[in-house]
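# Working through the structure, step by step
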Amino acid sequence: MATEQWHGVIEKAITTYRPEVASINKQIHENPELAYEEHKAHDAFVSLLQSLGFTVTPQAYGVETAFSADYGTGGRLVIYNAEYDALPGIGHACGHNLIASAGLAAFLGAVAALKESKQPGRVRLLGTPAEEGGGGKLKLIAAGAYKDASACLMVHPGPGHLLKAPVKHVAYVRMLANVKMQVHFTGREAHAAIAPWDGVNALDAVCLSYNAISMLRQHIRPYERIHGVFRKAGDRPNVTPADCTVEYYVRSETRAGAQKLWQRVLKCFEGAAIATGCEMRVEPLNSYADVRPSASLCNAYIDVLHEGTVSYDDPPDILAGSTDMGDVCYECPGFHGVFGIATNQGEANHTKGFTRAAGTEEAFELALQSGKAMAMVGWKVLADDEFAAATWKEWEEDMKLAAEGK
């Protein structure tokens, strides 16, 4: 069959399963669950996919709220990610219900084409919990979930007010690497009025390091970010704080760049510990690599969307945070496009306004559009040997650059 006919098979399948995808979208948006607590979302996916006849592994790869649904044998493997965790207090303010819906639609569409073709190949829908700080994909990577994948695709909703009509999609979206650390200062408690000279003030170390980092910000790259909070800063004013903890995120353009910047931040903490006489302990958290999209996958995505509705990489900062999808991009060629939902000024991701926009019918339709496009790109990876080989070679060259910190 011609390419257009295969696209017709994909579109027909996604249209057929629209009610099921809509049901998952509504279920997840109306029942927000935090990282590693997404039991309702997990169970809804497993139940639906099993009812459709797929081989499903609940609690996949040793992660309680992950799942894996697989179809096909032999050939190349294409993976679609479905995220579904929410944020404390503001629900699905990053629109993970839409990510899950687009991933499900893409999986169903790609499976329909593979089934019709009767050729070798595998498609996997991977339920990836705890993107919001929990590093769910890091655990899945460690357990081998992405082993032997020829490509992994997902999309993410972003603030539509940053896009110029008729553009609704951005294909090539870089995101920052993020080194996350907790730093614990230990001093010695004392009565702050009776014997303050006996105390070693851990809160002083926190404040000194905070001010040192604030000064450091003047001398970092425009795209780099350093931000932190006080997790523990004392209990009573009349007791010298002996145990204090801060948590910091250090972001840069590449994983190597973020590690290099962290070494500069670390000196601020070490200097504060020396100046105050405190002991210091660093606790690594789940750091995220930079998102390094496959240009081949991005261009193929543009080719299957309506002309004029998708930009390659403009605006470049539509989603300037960090995600564990970055680590997946170091495992295989990755795609992490963005589609813009109906937001107003001040309603970017992680706001209540974004939560509202993520629950609209318009946002769901955009997720379906993205899902169809991802299915078509995934099908190209499965069916087109030349395209798949070129995509892999491009990724290997990019990994050489990443190893050089570029």
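Let me begin by describing the structure that accompanies this report. For clarity, every value in this text was computed on a predicted model and none was experimentally measured.

Here we take up the environment of alanine 112. Among the secondary structure elements, alanine 112 is positioned in helix H4 (residues 96-117). According to the relative accessible area criterion, alanine 112 is buried, its value standing at 19%. Residues alanine 112 and methionine 399 lie 287 residues apart in sequence; the distance between their C-alpha atoms is 32 Å. Once residues lying within four places of it in the same chain are set aside, the contact partners of alanine 112 are Val9 and Ala13.

Another point: the nonpolar core. Within the largest apolar cluster, 64 residues are counted, with the highest numbers of intra-cluster contacts made by Phe45, Leu49, Tyr80, Phe107 and Leu125. Here this core gets 13 residues from one element, more than from any other, and that element is helix H11 (residues 361-383). Apart from residues lying up to four places away in sequence, leucine 49 is in contact with Phe54, Val56, Phe67, Ala69, Leu104, Phe107 and Leu125. The next biggest cluster of nonpolar side chains, apart from the first, holds 27 residues, and it includes Val183, Ala202, Cys244 and Trp262.

In space, the 8 strands of this open sheet follow the order S1-S2-S4-S3-S5-S12-S6-S11, with mixed pairing throughout. Looking at which strands have only one partner, the edges of the open sheet turn out to be strand S1 (55-58) and strand S11 (310-311). Sheet analysis places S1 next to strand S2 (residues 67-73), joined by 4 bridges and oriented antiparallel. When the sheet's bridge partners are listed, threonine 55 is paired in S2 with aspartate 70. Here H4 sits on the sheet in contact with S2, strand S3 (77-82), strand S4 (121-127), strand S5 (149-159) and strand S12 (334-341), set at roughly 165 degrees to S4. Sheet strands touched by helix H8 (residues 295-304): S5, strand S6 (169-170), S11 and S12. Its angle to S12, the strand with the most contacts, is close to 40 degrees.

Another point: the side chain of serine 252. Within the element layout of this structure, serine 252 appears in strand S9 (residues 243-252). A polar contact of 2.7 Å, which involves the side chain of serine 252, links it to the side chain of glutamate 224.

Moving on, we get to the sheet that holds strand S8 (residues 225-232). Across the sheet, 4 strands lie side by side as S8-S9-S7-S10; this open sheet has antiparallel pairing. The sheet terminates laterally at S8 and strand S10 (279-284), the two strands that pair on one side only. When the angles between neighbouring strand axes are averaged without regard to direction, this sheet yields 20 degrees. Relative to S9, S8 is paired through 7 bridges, and the arrangement is antiparallel. Bridged to isoleucine 226 within S9 is valine 250. Sheet strands touched by helix H7 (residues 255-276): strand S7 (177-186), S8, S9 and S10. Its angle to S7, the strand with the most contacts, is close to 15 degrees.

Let us look at the layout of surface pockets. The volume enclosed by the largest pocket comes to roughly 850 Å³. Residue lining of the largest pocket: 31 residues in total, with Met175, Arg251, Ala320, Gly321 and Ser322 positioned closest to the centre. Elements represented by at least two residues in the lining of the largest pocket include exactly S7, S8 and S9. Taken together, the residues of the lining of the largest pocket break down into 13 nonpolar, 9 polar and 9 charged.

As a further point, take the side chain of asparagine 349. Within the secondary structure layout, asparagine 349 lies in the loop between S12 and helix H10 (352-358). According to the relative accessible area criterion, asparagine 349 is buried, its value standing at 17%. The contact partners of asparagine 349, leaving out residues within four places of it in the chain, are Ala93, Cys94, His156, Pro157, Gly158, Pro159, Leu319 and Phe354.

Right, let's get into helix H6 (residues 202-216). Relative to the 21 Å expected for 15 residues at 1.5 Å per residue, H6 spans 21 Å between its end C-alpha atoms, a close match to the ideal helical length. Among the residues of H6, those classed as buried are Ala202, Ala205, Val206, Ser209, Ile213 and Leu216. With its buried residues spanning 100 degrees around the axis, H6 presents them on a single face. Each element contacted by the buried residues of H6 is listed here: S7, S8, S9 and H7.

Rules of the game
Residues numbered from 1 in each chain as written. Predicted model: local features only at pLDDT ≥ 70, side-chain atom pairs only at ≥ 80, totals over all residues. Heavy atoms only, no water. Helix = DSSP H or I, 4+ residues; strand = E, 2+ residues; numbered from the N terminus. Buried < 20%, exposed > 50% of the residue type's maximum accessible area, 1.4 Å probe, protein only. Contact = heavy atoms within 4.5 Å. Core = buried A, V, L, I, M, F, W, Y, C linked by side-chain atoms within 4.5 Å. Pairing = 2+ DSSP bridges. Axes fitted to C-alpha atoms, helices over the stretch in contact; angles between N-to-C directions. Polar contact = N/O pair within 3.5 Å; in protein donor to acceptor, adjacent residues only side chain to side chain. 1 Å grid on protein atoms, 1.4 Å probe; cavity = no way out; pocket = protein on both sides within 12 Å on 5 of 7 lines; lining within 4 Å. Points joined across faces, edges and corners; volume = space filled by probe spheres on them. Nonpolar A, V, L, I, M, F, W, Y, C, P; charged D, E, K, R; others polar. Expected span 1.5 Å × (residues − 1). Arc of directions from axis to C-beta.

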